[in-house]
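The lines below spell out each chain.
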Amino acid sequence: MRKIDYNIIKEFFFDTYLIDNHLKVREKFKQCTTEVEKEELYHHFQLNNLFLIRRCHDPGFYLYVLDKVNKNEKIKSTVKQYANRLVTSSLNFEQELFGSFSNEVEDTLIDKEIKNPITWPFSPSIDKTKNFEAVNDNSLYYFSKRLQYAIDNGDDNEFFVLSQLISDYKSGYFKGYQIFSEDNLYGEQVGSHRWLYSQSQYMLENIKFCIHYYHSHSFNIHNLVKLNPHDVRFVKELVKIMEEMIDDKEVSMLDTLMNYNKFINDSFSVASLIWFNSHNEMDKINILNNVYPFEISDNILEEYKSALCEYGFYNNEKNDYFELSIFANELFQSCFFEEARIIWTSILKSTENTNTKFSCYDNLATTLRELGKFDEAIDYYKKSLVLAEELSKSEELNEKNNVDWNQLTTDETEKQLLRHIGKYVDKNCNYTHKMAIELKNIGEMYYQLGKTEIAKKYFLETEGKCSELSPSEKSNIYFNLACANRRLGKFNEEFTYLSKVLNEKGINTQAEERAQERMSILNSMAFMLQDGSFDYNKLNKIENILKVDELSKNGTSLFHTFQFAKSMDYFEKEYEIEKLHGFSCFNSLNYNATYNLYYGNFLKAKELCKELIDNSQEPVYAAIAKINIGLIDIKENNFDEGIKHLEDSCDIFTQLNNGLLEFIITIINTATLLWSKGNVDKIIDSLEAKIISKGINFHLIAGCAYLEVGFFENAFDYFERGLSTKADNETKSLLLYNKGLAYSGIGKTDKAIENYQKSLDCLKTIYAWESMATEYRRDLETLKAKECIEEAIKLSSEADKERLETIKEELDALSSKRLNLSSLKNDNIRKTLYSAEKLMISDIKKMEDINERDFSTALHYYGKALENMLDSQISNQIRQIIYDEFGYCVCEDYRKFKGKEFPQYLKYMLDKSKKGSIGLNGWKTILQYVNEKSKNPVYQKFKDELIKRYSPEDMQKIKFACGMISSYRNDSVHKNVKNYDEVLNVRQKIVSHLNNVIYILYK
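Predicted, not measured: the structure shown is a model, and the values here were computed from it.

The rules we used
Residues numbered from 1 in each chain as written. Predicted model: local features only at pLDDT ≥ 70, side-chain atom pairs only at ≥ 80, totals over all residues. Heavy atoms only, no water. Helix = DSSP H or I, 4+ residues; strand = E, 2+ residues; numbered from the N terminus. Buried < 20%, exposed > 50% of the residue type's maximum accessible area, 1.4 Å probe, protein only. Contact = heavy atoms within 4.5 Å. Areas by Shrake-Rupley, 256 points an atom, 1.4 Å probe, with all protein chains shown as cover. Core = buried A, V, L, I, M, F, W, Y, C linked by side-chain atoms within 4.5 Å. Salt bridge = Lys/Arg side-chain N within 4 Å of Asp/Glu carboxyl O. Phe/Tyr/Trp six-rings, centres within 6.5 Å; stacked < 30°, edge-to-face > 60°. Lys NZ or Arg CZ within 6 Å of the ring centre and 35° of its normal. Axes fitted to C-alpha atoms, helices over the stretch in contact; angles between N-to-C directions. Parallel < 35°, antiparallel > 145°, perpendicular 65-115°, else oblique. Left-handed = near helix turned anticlockwise from the far one by under 90°. Nonpolar A, V, L, I, M, F, W, Y, C, P; charged D, E, K, R; others polar. pLDDT = per-residue confidence, 0-100.

In terms of regular secondary structure, the protein chain is built from 51 helices and zero strands. Looking at the protein chain as a whole, 57% of its 1003 residues qualify as buried. Pairs at least 24 apart in sequence give 69% of the contacts found in the protein chain among residues at least 6 apart. Total accessible area computed for the protein chain in this model is approximately 43900 Å², and 47% of it derives from carbon and sulfur atoms.

Spelled out as structure tokens, the structure:
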């Protein structure tokens, strides 16, 4: 077993599976014979991606899937078979591709201990996970190595898939529809639009809360693998795999857990996808639409202890459930307060460690405080106070808890775990300081309960403790007291404590900075009355705004981890405060209304939408709420009443820029989630008279709305209906123009151009000329595209002229040097060059993600085409001549050619089973030394045939083309990235020299 196989399995198991999975999907797509088959395959591909997103962000769903996987022995067996296949196949590239790979892996892998196990980067750019770069650097490293190998070996499909994955991982957003491109790598606008619209339509019609699959927050669930008791059974299977991979080493459960964490998580990822793909399309949709509450078992401690024993990590005195406590902290930070409470309660019941008990009491009190259970919080704070006092007086206990973690064990694996735990442990505690904090917390809770006298007593005791603290610790306590008084609305007292912070010598720096910042606000005239006292109303308003923000943050966090029902508790509390203090309730009402609408609670949703209208400061939000009310009425068979609400909304939207288009789009998007499209059309048609009354052509605006959301069939229907009615030339022109856009969206370039021309026959417009130019660019008709842009310039304003002139300059550059594709007699080579030209000539600058793309892809295509031309026109013919003279086993006949030069690229070309092609660098070398005599008769025969066929001038031109294109391509294949302008600048030279070679080889 080579070390190299071991590292690939250990660190890139899921990455390898992902590549294989995408390759299979692309191969199946090529084999599809009907559009229905393609759509069905694409739907399954989409659902797989949504599954990975949900599994990454929804902890309840994650545990549900884990449970299903762990109960399925067949899936475990399949994962093992896949791992064994990778090992035995050696992946066919490792030795020559990776070389010193094992050393590189050790140097580049990042934060093995705490790395997020979900290896799929689905957090959108607006909310990337904190460790997004760390998680994906290693995958990008692996993908780039595989890409290099694909390029060097001319593997188009693998090149295509890896380029796509690298683009997706860099952007953090999955654009999988490009895998389904039928021509070139980027699928260009035609293909990508088609699959993008298909994706939007499919999700709208099938997936509840579909928008949250791309706007969800990551929940750090790496500990769930260790805490779920069923996982132990799976890890046992993985131990067997690791032992088979490493023949000379016995792998323990604990060793697997600590040193193969990535492999464990990758295996779960692979297994979960296999499980999901065992279902049909409708079952997959139902799985994604179900609700998965996140719940922690009351028996979690017993399960955890059992798991530790299974892993062989028995000594609880060393561990004392710290890993479990860390997980509880993560739950708390993610607003899963009740779940955190269960874990800390379980630990408290079991531990004998005083320090751990103190920590549990303190954490439980804080959790109960967050839940608003102040009486219970006080009880736990008092218990933690007793233990803090006990710990502050006991040197023995302090010494026991102040352990040297490195001295606890001699086992390196256990040391690694302890170092990980030690990062989270407060090992040098001043318990007098902690007593002061607990006294302050108890006092604050009593204030919350209205027990002022008792609260004052505890605050005074807190101050009394300060005499036993250092200046830095004392200032920290004063600042904590200031914050407590601020939360309680006691601003005079807050000012007093802030003054004490700033008057203290040896002050805590952080406390000083925050105190000064707060003092500047309190001293501001904006928060003072005329008599110099604080304006309590204004200051309380700020505090309530902060409370609302915190509740909103918690609710949003839960909502975007798919815990919708749980998030409603926070939005309802937010609403209560907002209503009490006269704040806008839009955010809380909007989330509540959305939740109830999508889950069919129409009565509640309607009430919330009515209130939303009253609370909305923006007309558009009130208009959207009216649409929701109208659609609910229609759903409840009150059709006329519903249409009236929609018409009211239409009046509001009309006042907005492009408002009527947005009005119909909103109806389509919302109604599609509630009905089939047929019902939606009926609703839209019922608004015809209202929209006409606004002076707008109904069929035009309805068709444009359907076009915008990608429902092309509906768009065509409305445009045709509009053209069948009486309309002026301007309206006809617009209907025909948008019909052309619809044809463009489904990739029918000829039909698009035909409708643009008809539009121009009715009325000459810039946008029709420019859109026609775009279509001609797609067909590589750069001269016709330039003529269209010239016509557009004649009609343009000064504002448009500069932009259009820039496009014309590009077209001038592209049309002045064009590839002579008509001379090529090989369809595959023509397709390769067509793909390169399509990428460069298409109106690429209009693409939204142009800055995310690497255009060195075109250089690869140019190089590949040149290689294939030389192979087709030279190698194939000379190969047969050599076979005729020296026999088919020329490469294996070492007795005949022993000790004589025989270049590797020539062996590869002459190998009977491979019949490989010679790379560009190989051709450059051959042609450079073509006139030098070779001791090897086979090599000399090859050179003689070249000299016989081509003049010195022709061979010089071929050699120059090989060297130039190879240098441009190789410069960007591995590391460098080239943007559009950089590749455009070298394209003219490349095209010129490629045309020379085409003429030489095909004249």
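Core analysis: the biggest nonpolar cluster contains 141 residues, and Phe-13, Phe-51 and Ile-343 have the highest contact counts within it. Other than its neighbours up to four places away in sequence, Phe-13 contacts Ile-8, Val-79, Tyr-82, Ala-83, Leu-86, Phe-263, Asp-266, Ser-267 and Val-270.

Moving on, we come to the pattern of salt bridges. Overall, the coordinates contain 40 salt bridges when judged by the stated rule. The shortest N-O distance in the salt bridge between Glu-720 and Lys-739 comes to 2.3 Å. One end of the pair, Glu-720, is in helix 38 (residues 712-723); the other, Lys-739, is in helix 39 (residues 729-745), and 19 residues separate them in sequence. According to the relative accessible area criterion, Lys-739 is buried, its value standing at 11%. Notably, a salt bridge pairs Lys-801 with Glu-798, separated by 3.9 Å at the nearest N-O pair. Here Glu-798 and Lys-801 lie together in helix 43 (residues 798-816), a separation of three residues that amounts to about one turn. Owing to a relative accessible area of 28%, Lys-801 belongs among the partly exposed residues under this scheme. Overall, the relative accessible area of 65% leaves Glu-798 in the exposed class.

With that out of the way, let us pick up the side chain of Ser-875. Following the sequence through the fold, Ser-875 ends up in helix 45 (residues 856-886). According to the relative accessible area criterion, Ser-875 is buried, its value standing at 0%. Not counting chain neighbours up to four residues away, the residues in contact with Ser-875 comprise Leu-870, Met-909, Ile-918 and Trp-923.

Turning next to the packing of aromatic side chains. A full pass over the atoms with the stated rule returns 38 aromatic pairs. On the numbers, 4.8 Å between centres and 70 degrees between planes, the contact of Phe-559 with Tyr-591 is edge-to-face. You can see Phe-559 sitting in helix 28 (residues 536-559) and its partner Tyr-591 sitting in helix 30 (residues 586-598), a full 32 residues away along the chain. Aromatic rings pair up to connect Phe-51, Phe-61, Tyr-64, Trp-275, Phe-276 and Tyr-292 into one cluster. For the cation-ring pair, Lys-457 lies above Tyr-458, with the distance from its terminal atom to the ring centre recorded as 4.5 Å. Across the ring face of Tyr-939, the terminal group of Lys-943 is positioned such that the distance to the ring centre comes to 4.4 Å.

At a closest axis distance of 12 Å, the pairing of helix 19 (residues 354-370) and helix 23 (residues 431-448) adopts a crossing angle of 25 degrees. Overall, the two elements helix 19 and helix 23 adopt an arrangement that is roughly parallel. Both helix 19 and helix 23 take part in a crossing whose hand is left-handed. Residues Asn-355, Phe-358, Asp-362 and Arg-369 of helix 19 touch helix 23, and the partners they reach there are Tyr-431, Lys-434, Glu-438, Asn-441, Glu-444 and Met-445. In terms of residue class, the contact of helix 19 with helix 23 is made up of three nonpolar, two polar and five charged.

This paragraph deals with the confidence of the model for the protein chain. Mean pLDDT over the protein chain: 79, with 78% of residues reaching 70 or higher. With pLDDT under 50 throughout, residues 183-190 is counted as low confidence; its partners more than four residues away or in other chains account for 33 contacts. The low-confidence segment residues 400-425 (pLDDT under 50) makes 50 contacts with residues lying over four places distant or belonging to another chain.

This part covers unusual backbone geometry. Excluding glycine, residues mostly have negative phi values, and the peptide bonds linking residues are mostly trans. Located in the positive-phi region is Cys-335, a residue other than glycine, with phi close to 75 degrees. Along the chain, Cys-335 falls in the loop between helix 17 (322-333) and helix 18 (337-350). One non-glycine residue with positive phi stands out, namely Asn-658, at about 60 degrees. By the secondary structure assignment, Asn-658 is in the loop between helix 33 (639-654) and helix 34 (659-674).

Attention now goes to the packing of helix 45 against helix 49 (residues 937-949). In contact at an axis separation of 10 Å, helix 45 and helix 49 are set at 130 degrees when each is read in the N-to-C sense. Between helix 45 and helix 49, the angle falls in the class oblique. Considering only the axes of helix 45 and helix 49, their crossing is right-handed. For the pair formed by helix 45 and helix 49, the contact residues are Ile-874, Gln-877, Ile-878, Ile-881, Ile-882, Glu-885 and Phe-886 on the first element and Pro-937, Val-938, Lys-941, Phe-942, Glu-945, Leu-946 and Arg-949 on the second. In terms of residue class, the contact of helix 45 with helix 49 is built from nine nonpolar, one polar and four charged.

Time to look at the side chain of Asn-592. Looking at where Asn-592 falls in the secondary structure, it is placed in helix 30. Non-local contacts of Asn-592, meaning those with residues more than four positions away in its chain, are made with Met-568, Phe-571, Glu-572 and Leu-608.

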